[in-house]
Amino acid sequence: MAQEEIYENLDDRKKTILTAIIANYLETGEPVGSRTISKLPDLSLSSATIRNEMADLEELGYIVQPHTSAGRIPTDKGYRFYVDTMMKEKSDSEKQQGVLLQRVDKLESLLMQVAKVLAYNTKYATMVTSPQLENKKVKFIQLSQVDQDQLVAVIVVGDNVAKNKLIHVDRPLNNEEVLKFNLLLNTFLQGISVEQINIELMQTMKKQAGEGEYADILEKIFEGIVEAVHEAEERTIYTSGASNILNYDGIADMTQATKFLENFEDKTDLAELADETLKTNLDDEDKIHIYIGDEAPVQNMKDYSIVTSTYELPEGAKGTIGIIGPKRMDYKKVVKTLKDLTNELDQIFKKQ
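Residues numbered from 1 in each chain as written. Predicted model: local features only at pLDDT ≥ 70, side-chain atom pairs only at ≥ 80, totals over all residues. Heavy atoms only, no water.

Chemist: Is there a simple way to think about the pattern of salt bridges in this case?
Modeler: Side chains that differ in sign of charge can pair as their charged atoms come close. Applying the stated criterion to the full structure yields nine salt bridges. Close ionic contact of aspartate 11 with lysine 14 constitutes a salt bridge, the shortest N to O distance being 3.9 Å. Assessed through its relative accessible area of 38%, aspartate 11 is described here as partly exposed. Here lysine 14 makes a salt bridge to glutamate 53, at a shortest N to O gap of 2.9 Å. (Salt bridge = Lys/Arg side-chain N within 4 Å of Asp/Glu carboxyl O. Buried < 20%, exposed > 50% of the residue type's maximum accessible area, 1.4 Å probe, protein only.)

What follows is the structure in structure tokens.
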């Protein structure tokens, strides 16, 4: 359903009042009354008129009155309106230079730093995943002799993602033997997917190599290559700021908070969230996606809001950045931070 159809029951005045209610609640954390809204300089409406509009918004499901005689607070539907409206606004083009990240040599160190910086700047829980290959086919294998009992295998997977693996052998191989193994490995493995590398293929290659010591050497080489290929597709999830949940407004149930911390530490739910983010077809060029409450793709995070973004390496591998916080999240700050960070990561990766 198109966004225009979802909000067609809201005229400009209702949209203005709803936006003001949510913005005020995000800032103060207190239910918002008609008197508070009537004092805003951009509105020239009486308290009675605002009360009528608020009653309509409550009936439509955008706000709710938590207690009799109290003001209103936004529902998940209200937060969704606020986020969708905010995302249409032109983003700030200024970029933070040299504040969020420093260029580092290793990707692992960079991603760990990203998670920590995000948690520090936003005061929310954060996650960053290592990049995942979409193309998991073996592109090329190159064996070289390191010393008398070691070979090094350079395995190129997907779109030029290289992994090195040291392989121990019982005796040194001459140049002709190394060449023979290179030809055999590339003939059988080049262009196949990770899932196709199995025992049956191994047996076929051993027969081709000939029985005896060649088959034994090939088995060790093969095991090393399979291990390296699987390492290339393994995902690491870096997290930071989990304890920030204890400071979230509205999280009064400590059992709920404890459960969140356990799941955050286990990372199973985070992996599911990352998978959902990567497979979601996002129209937004900034690849920002926001889940509010029940929209969360994982059951244990439905009491929170989640903002995710996707970064991409030059060779095509993609990873996920996520920020988990209360529904009363500072959405503008979080979205801007993720946009700036994604842009900065793109620049870093292009230079490497």
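Still more ground to cover, so stick around.
Chemist: I would appreciate a short explanation of the packing of helix H7 (residues 175-189) against helix H8 (residues 199-209) in the present structure.
Modeler: Two packed helices can be described by the angle between their axes and the distance between those axes. Between H7 and H8, whose axes approach to 11 Å, the crossing angle comes to 145 degrees. When the axes of H7 and H8 are compared, the crossing they make is right-handed. Along its contact with H7, which presents Lys180, Leu184, Leu185, Phe188 and Leu189, the element H8 presents Leu201, Thr204, Met205, Gln208 and Ala209. Residue composition of the contact of H7 with H8, grouped by class: seven nonpolar, two polar and one charged. (Axes fitted to C-alpha atoms, helices over the stretch in contact; angles between N-to-C directions. Helix = DSSP H or I, 4+ residues; strand = E, 2+ residues; numbered from the N terminus. Left-handed = near helix turned anticlockwise from the far one by under 90°. Contact = heavy atoms within 4.5 Å. Nonpolar A, V, L, I, M, F, W, Y, C, P; charged D, E, K, R; others polar.)

Chemist: Is there a simple way to explain H8 in this structure?
Modeler: Because the α-helix completes a turn every 3.6 residues, residues three or four places apart line up on one side. By the burial criterion, the buried members of H8 are Leu201, Met202, Met205, Lys206 and Ala209. The buried residues of H8 all sit within an arc of 140 degrees when viewed along its axis, so they share a single face. Residues Glu200, Lys207 and Gln208 are exposed on H8 and point more than 90 degrees away from its buried face. Looking one or two places after H8, you find glycine 210, whose phi comes out positive at around 100 degrees. (Arc of directions from axis to C-beta.)

Chemist: So what exactly am I meant to see when it comes to the side chain of threonine 310 here?
Modeler: Mapped onto the elements, threonine 310 comes out in strand S9 (residues 305-312). Using a relative accessible area of 7% as the deciding quantity, one classes threonine 310 as buried. Those residues within four positions of threonine 310 in sequence are excluded, and the remaining contacts are Thr277, Leu278, Lys287, Lys318, Gly319 and Thr342.

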